Amino acid sequence: MMDHSLSCQVISVILLNSAQQLNGIDVMYSYATYIFTQAEIPEPRIPYVTIGTGACECVTSFTSGILVESLGRRVLIIGGYSLMTLCCVCLTVTLSFQVRCFIFYPHS
């Protein structure tokens, strides 16, 4: 932390790792056996399903890293926010039509 050129990078890594602890992905691995048992996966296969889930996460991280390096962070951030905005607008429009179309239909 004494070198000013590295302090911003170190702080970024600390904040990103702290945020990852709060996003819930670690909770899934803590409760994986319970979740897979509730999904009626046979007990002997649960370790293999957990390993498969971890492998999928690794492949996704690797693919995402390559995508970020090839397209750039700015393009992906703008594209992601644009897609989320479009989905929210579509959801809002469809929900408003649902209320108008079924105004006489009781939802009880």
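No experiment lies behind these values; they were computed from the predicted model shown. (Residues numbered from 1 in each chain as written. Predicted model: local features only at pLDDT ≥ 70, side-chain atom pairs only at ≥ 80, totals over all residues. Heavy atoms only, no water.)

**Re the overall build of the chain**
Helices and strands together make up the secondary structure of the chain, namely five helices and zero strands. Along the chain, helices (α) and strands (β) appear in the sequence α-α-α-α-α when read from the amino end. Here the chain holds 108 residues, and 5% of them are scored as buried. Accessible surface for the chain amounts to roughly 9,600 Å². Of this, 71% is attributable to carbon and sulfur atoms. (Helix = DSSP H or I, 4+ residues; strand = E, 2+ residues; numbered from the N terminus. Buried < 20%, exposed > 50% of the residue type's maximum accessible area, 1.4 Å probe, protein only. Areas by Shrake-Rupley, 256 points an atom, 1.4 Å probe, with all protein chains shown as cover.)

**Brief notes about unusual backbone geometry**
Not every positive phi belongs to a glycine, and Glu40 is a case in point at roughly 65°. Here Glu40 is to be found in the loop between α3 (32–38) and α4 (46–71).

**Structural notes on the pattern of salt bridges**
Scanning all chains against the criterion turns up one salt bridge. Between Glu69 and Arg73 there is a salt bridge, and its shortest N-O distance comes to 3.4 Å. The class for Glu69 is exposed, based on a relative accessible area of 60%. (Salt bridge = Lys/Arg side-chain N within 4 Å of Asp/Glu carboxyl O.)

**Details of the confidence of the model for the chain**
Per-residue pLDDT for the chain has a mean of 82; in total, 89% of the residues score no lower than 70. Ranking the helices and strands of the chain by mean pLDDT puts α4 first, with 89, and helix α2 (residues 25–30) last, with 74. (pLDDT = per-residue confidence, 0-100.)

**A few points about a nonpolar patch on the surface**
Residues Val27, Tyr31, Tyr34 and Ile35 make up a contiguous nonpolar surface patch of roughly 420 Å² in combined accessible area. Looking at the element boundaries, Ile35 is found in helix α3. Classification of Ile35 by relative accessible area gives partly exposed; the value is 37%. (Patch = residues over 30% accessible without salt bridge, like charges linked within 9 Å, V, L, I, M, F, W, Y side chains within 5 Å.)

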